[in-house]
Amino acid sequence: MILEVKFQKNNRINNIYLNKIINLKIKEWKFNYKSQVNWLKENVLPNDLHVTLEYKKKLIGYTMLRERFLYKKNKSKNKIYLFDTHVISKAFRGKLIKGLSPSKVLMEKILIFILKKKRVSFLLCNKDLIKYYKLFGWSIINKKKIKIKNEKNLTIMYYGKLNANKNYKINI
């Protein structure tokens, strides 16, 4: 395939590939190498997934799926994915590769994976990205219905089957 999507558990990824991911993230966010490494050590668990997009064996896209629990008011819990760090290399944004949008390919593979696992996924995003995520079926959830660490007061969205009228809590 022209564009290849890979799902790798954190405890199975090698340091060389992890460095490629960090270098892609550095180009997108104003955090240096050391802070990226520290964030990964502090926030990523062994079963969390690194989802990568390659073109001609070159890393051009990345998303982190962090496996967490969604707690309901009745104390029951379900595994969910915290959709985190979705990025496409600036050189490939808005471009088509043999008629395929890299961003769309990466997102659709992830959403198929989430549905196959019968899970719900949540993300936090800036207002300027809401339209993008809605194109793929993500919905906004009322911030009063979910407790999640959200220091920047970002919009909370979800994908999958969820009763958006109930109250929930996610421990990041």
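Up top you'll find the structure we're talking about.
Residues numbered from 1 in each chain as written. Predicted model: local features only at pLDDT ≥ 70, side-chain atom pairs only at ≥ 80, totals over all residues. Heavy atoms only, no water.

Caption draft 1: Spatial organisation of the packing of helix H1 (residues 15-28) against helix H2 (residues 33-43). Orientation of H1 relative to H2, taken along the N-to-C sense of each, is 120 degrees, at an axis distance of 10 Å. One way to sum up the angle between H1 and H2 is to call them oblique. Relative to H2, H1 is oriented so that their crossing is right-handed. Here Leu 18, Asn 19, Ile 22, Asn 23, Lys 25 and Ile 26 of H1 come into contact with H2, specifically with Tyr 33, Gln 36, Val 37, Trp 39 and Leu 40. (Axes fitted to C-alpha atoms, helices over the stretch in contact; angles between N-to-C directions. Helix = DSSP H or I, 4+ residues; strand = E, 2+ residues; numbered from the N terminus. Parallel < 35°, antiparallel > 145°, perpendicular 65-115°, else oblique. Left-handed = near helix turned anticlockwise from the far one by under 90°. Contact = heavy atoms within 4.5 Å.)

Caption draft 2: Up close: a positive patch on the surface. Together, Lys 9, Arg 12, Lys 79 and Lys 117 line one region of the surface with positive charge. Along the chain, the position of Arg 12 falls in the loop between strand S1 (3-9) and H1. Owing to a relative accessible area of 71%, Arg 12 belongs among the exposed residues under this scheme. (Patch = residues over 30% accessible without salt bridge, like charges linked within 9 Å, V, L, I, M, F, W, Y side chains within 5 Å. Areas by Shrake-Rupley, 256 points an atom, 1.4 Å probe, with all protein chains shown as cover. Salt bridge = Lys/Arg side-chain N within 4 Å of Asp/Glu carboxyl O. Lys, Arg positive; Asp, Glu negative; His and termini not counted. Charge placed at Lys NZ, Arg CZ, Asp CG, Glu CD. Buried < 20%, exposed > 50% of the residue type's maximum accessible area, 1.4 Å probe, protein only.)

Caption draft 3: Structural detail: H1. Along its 14 residues, H1 runs 20 Å from first to last C-alpha, staying within 8% of the 20 Å computed at 1.5 Å per residue. Taken as a whole, H1 has its buried residues at Tyr 17, Leu 18, Ile 21, Ile 22, Leu 24 and Lys 25. Viewed along the axis of H1, the buried residues span an arc of 160 degrees, placing them on a single side of the element. Residues of H1 that are exposed and point more than 90 degrees away from the buried face comprise Asn 15, Ile 16 and Lys 27. Here the buried face of H1 lies against S1, H2, strand S2 (49-55), strand S3 (58-72) and strand S4 (77-88). Where H1 begins, the side chain of Asn 14 points an oxygen toward the backbone nitrogen of Ile 16, at a separation of 3.1 Å. (Expected span 1.5 Å × (residues − 1). Arc of directions from axis to C-beta. Polar contact = N/O pair within 3.5 Å; in protein donor to acceptor, adjacent residues only side chain to side chain.)

Take it as geometry only, folks, not as evidence of what the structure does.
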